[in-house]
Amino acid sequence: MDKLVIRGGKRLVGTVTVSGAKNAALPIMAATLLAPGEHVLRNVPHLRDVSTMGRLMANLGAGFHLEKNRAILDCTEIKNYEAPYDLVSTMRASVLVLGPLVARLGKAKVSLPGGCAIGARPINLHLMGLEKLGATITLDAGYVVVRARKLKGASIYFDMPTVTGTENILMAAVLAEGKTLIENAAREPEVVDLADALIAMGAKIKGAGESIIEVEGVKKLKPLRYRIIPDRIETGTFMAIAGITGGDITLRNTRPDHLDAVINKLKDTGMKFRLAGKSIRVIGPERLKAVSTTTMPYPGFPTDMQAQLMSMMCLAEGASVISEKIFENRFMHVAELKRMGADITIEGGIATVRGVRRLTGAPLMATDLRASASLIVAAVAAEGETSVKRIYHLDRGYERIEEKLQSLGADIIREKE
Ligand code: EPZ
């Protein structure tokens, strides 16, 4: 296993090109199962989760090849309909093959994802939606088996917005007979990107990005040529790095319009932003001012940026109250930040961070994707040396992060553990 060794304390300055969005690439890869033929996706990031999804697709009978951020998926022959435990347990997003497999083959057998570091992560809403579309669901030794002779359009209401739940139902509904209404749908840009990709394949979808999405089923779809949107969470993570180091970083090939809540919140810390088309220049102040936030479904402040904001607040002037409303256990980074000298107390799902003058480097352990990102944010601003072990968590969602940080002047190296 690899570790990252960082010597912090430098202002980071320079330009970073943002990679394609992990959470758009994964559902769009799954969506290619809906149409036989060869699909070409561009701006696909080289990430562990993308290769895991590629392995899963190959398991189902698809061809998968990723080179220079271009993925070719051949879904002519999809024979197998099972997503095995060993793949699903390493990546929850494997559940995204449920909808397309039921739509194409009339059956799917997917291991229940099991929990992960940040919470139980149930899929009851996914299954409720598939049942409404006419599927029968049975549980068999830790696997959920979904069968449907023919999916029929229906009205589906989600008790709470679910990103992959909305995506699974979208992918099932596009080949169902008749009209489907998804109410209280997730509004994330990645949901919109999936809908745009499905429309490019010939699907009839209206309202993606709003709370009500309307789908008119079609008989068949055609192979896809598509470019994935940039990763808004990678963008936000580098904004956090500019803020905490008092740096000056220009982020290229990104989508400022996907980050309104984050940019508005970070402006309150004293950070300056210059937006120009697909670029954002971010300038950090001498010292950040403390701000508070509550994580919400899009367009609210994203849960995937909660840990990175918390790291910034450890060095801010004043006290910050950060409330995590989406996942029940997304404070795994707190213990590690406290070992660097942070002053953080947790009460239920609410963390109170009192800014200190300095953090000191320490040997740390990554636990989940965004928690490990927050440790990097803290480490580049801490005095002395920090080592972060188990960075396979980080490699799931960040493409070549140490190279990008080195190009900004960070003293960071990857070592074999
Ligand atoms: C997606 O996860 C993202 N993953 C997550 O990003 C992100 O944190 C999350 O959305 C919230 O924005 C992908 O897109 C691959 P949810 P997802 O269903 O779809 C509950 C990262 O860091 N729920 O929107 O699994 C659930 O427990 C990852 O890239 C049910 O109760 O999240 C949670 O409390 C981490 N039943 C809330 O809803 C269900 O059937 C929102 O979860 C589904 C969800």
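Owing to the predicted nature of the structure, the values given are computational and were not obtained by experimental measurement. Throughout this document, residue positions are counted from 1 along each chain, in the order its sequence is written. Local features in a predicted model are, by the rule used here, given only for residues with pLDDT of at least 70; side-chain atom pairs are given and counted only at 80 or more, and totals for whole chains, interfaces and linings are based on all residues. Hydrogens and water molecules were not included; the side-chain quantities draw on all heavy atoms of the structure.

### Some points on the packing of aromatic side chains
The test is simple: Pairing of aromatic rings covers Phe, Tyr and the six-membered ring of Trp, with a centre-to-centre limit of 6.5 Å; geometry is then stacked below 30 degrees between planes, edge-to-face above 60, and tilted otherwise. The rule for a charge over a ring is simple: NZ of Lys or CZ of Arg within 6 Å of the ring centre, and within 35 degrees of the ring normal.
Inspection of every chain in the model, using the stated rule, returns 0 aromatic pairs. In this arrangement the basic side chain of Lys109 is found over the ring face of Tyr143, its NZ or CZ atom lying 5.2 Å from the centre.

### Some points on unusual backbone geometry
To keep it simple, the criterion reads: Secondary structure counts use DSSP, requiring at least four H or I residues in a row for a helix and at least two E residues in a row for a strand, with both numbered from the N terminus. The buried label goes to any residue with under 20% of its type's maximum accessible area, the exposed label to any with over 50%, and the partly exposed label to all in between, with areas taken from a 1.4 Å probe on protein chains only.
Tyr298 connects to Pro299 through a cis peptide bond whose omega is 10°. Mapped onto the fold, Pro299 is located in the loop between β18 (293-294) and α10 (306-313). In this structure, Asn43 takes a positive phi of about 65° despite not being glycine. In this fold, Asn43 is placed in the loop between β3 (38-42) and α2 (48-60). Taking the relative accessible area as the measure of exposure, Asn43 reaches 15% and is therefore buried. Even without glycine at this site, Asn253 takes up a positive phi of about 55°. Secondary-structure assignment places Asn253 in the loop between β15 (248-252) and α9 (260-267).

### With respect to the pairing of strand β13 (residues 212-216)
Two faces belong to every sheet, and in a regular strand the side chains alternate between them. Selection criterion: By the convention used here, strands pair only if DSSP detects at least 2 bridges between them.
Residues of β13 alternate between two faces, with Ile213 and Val215 buried on one and Ile212, Glu214 and Glu216 left unburied on the opposite face. As judged from the 5 bridges shared by strand β11 (residues 179-183) and β13, these two strands associate in the antiparallel manner. What sits directly across from Thr180, in β13, is Val215. Alignment of strand β12 (residues 204-206) against β13, held across 3 bridges, turns out to be antiparallel. Looking at β13, one finds that Lys206 is bridged to Glu214. Counting the residues between successive antiparallel strands, the hairpin from β12 to β13 contains 5 residues, one of them, Gly207, with a positive phi of roughly 90°.

### Regarding the domain arrangement of the protein
Defined as follows: How far each domain reaches was decided by an automatic or database domain assignment. Residue contacts are defined here by distance: any two heavy atoms, one from each residue, within 4.5 Å place the two residues in contact. Two parts placed together each lose some accessible area under a 1.4 Å probe, and adding up what both lose gives the buried area. By definition here, a salt bridge exists when the distance from a side-chain nitrogen of Lys or Arg to a carboxyl oxygen of Asp or Glu is within 4 Å.
Here the protein is partitioned into domain 1 (2-19 + 230-416) and domain 2 (22-219). Between domain 1 and domain 2, the residue contacts involve 24 residues of the former and 21 residues of the latter. At the boundary of domain 1 with domain 2, total buried surface from both sides reaches about 1800 Å², with 53% on carbon and sulfur atoms. Across the pair Asp49 and Arg396 runs a salt bridge, and its minimum N-O distance is 2.8 Å. Secondary structure elements with two or more residues in the side of domain 1 that touches domain 2: α12 (369-379) and α13 (392-395).

### Overview of the site of the ligand
So the rule is basically this: Whether a residue is near a molecule or strand depends on its heavy atoms: if one lies within 4 Å, it is near. Any pair of nitrogen or oxygen atoms within 3.5 Å is treated as a polar contact; in protein, a donor-acceptor pairing is required on top of that, and neighbouring residues in sequence qualify only through side-chain atoms on both sides. To be clear on the numbers: accessible area is Shrake-Rupley with a 1.4 Å probe, and residue cover counts the displayed protein chains and nothing else.
Surrounding the ligand, one finds 22 residues, the nearest of these being Leu125, Thr162, Thr164, Asp304 and Ile326. Taking Asn124, its side chain carries an N or O atom lying 2.7 Å from a nitrogen atom of the ligand. Measuring from an oxygen atom of the ligand, one finds a backbone N or O atom of Leu125 at 2.7 Å. If the ligand stood free it would expose 830 Å²; the protein chains cover 89% of that surface. For the shell around the ligand, the elements supplying multiple residues, two or more each, are α1 (22-31), α5 (124-132), α6 (163-173) and α12. When residues of the shell around the ligand are assigned to their parent elements, the largest contribution, 3 residues, is made by α5.

### Concerning the sheet that holds strand β24 (residues 411-416)
Definition in use: Convention adopted: a line fitted to C-alpha atoms gives each axis, helices being fitted over their contacting stretch, and angles between N-to-C directions are expressed from 0 to 180 degrees.
As summarised here, the arrangement of the 4 strands in space is β22-β23-β1-β24, forming an open sheet in which the pairing is mixed. Only two strands of the sheet have a single partner each, and these edge strands are β22 (363-365) and β24. Mean inter-strand twist for the sheet, computed between neighbouring axes without regard to direction, equals 20°. Across 3 bridges, the pairing between β22 and strand β23 (residues 385-389) is parallel.

### Examining the environment of Glu183
Mapped onto the fold, Glu183 is located in strand β11. When the C-alpha atoms of Glu183 and Glu210 are compared, they prove to be 9.2 Å apart, with 27 residues separating the residues in sequence. When sequence neighbours within four positions are dropped, the list of residues in contact with Glu183 reads Ile156, Tyr157, Phe158, Ser211 and Ile212.

### Examining the packing of α6 against helix α7 (residues 189-200)
Selection criterion: Orientation labels follow simple angle bins: below 35 degrees gives roughly parallel, above 145 gives roughly antiparallel, 65 to 115 gives roughly perpendicular, and whatever is left gives oblique. Residue classes follow a fixed rule: Ala, Val, Leu, Ile, Met, Phe, Trp, Tyr, Cys and Pro count as nonpolar, while Asp, Glu, Lys and Arg count as charged, and any other residue, Gly among them, counts as polar.
Running from amino to carboxyl end, α6 crosses α7 at an angle of 10°, the nearest separation of the two axes being 10 Å. One element, α6, and the other, α7, form an angle in the roughly parallel class. Residues Val163, Thr166, Glu167, Leu170 and Met171 of α6 pack against Glu190, Val191, Leu194, Ala195 and Leu198 of α7. Looking at side-chain class alone, the contact of α6 with α7 contains 7 nonpolar, 1 polar and 2 charged residues.

### Regarding α2
Filter applied, for reference: Each helix should span, by expectation, one fewer than its residue count multiplied by 1.5 Å.
If you check α2, its first and last C-alpha atoms are 19 Å apart, about what 13 residues at 1.5 Å a residue would give, namely 18 Å. Buried within α2 we find Asp49, Val50, Thr52, Met53, Gly54, Leu56, Met57 and Leu60. Tucked inside the fold, the buried residues of α2 contact α1, β4 (63-67), β5 (70-74), β6 (82-83), α3 (85-90) and α4 (98-105). Trailing α2 by a residue or two, Gly61 shows a phi angle of about 115°, which is positive.

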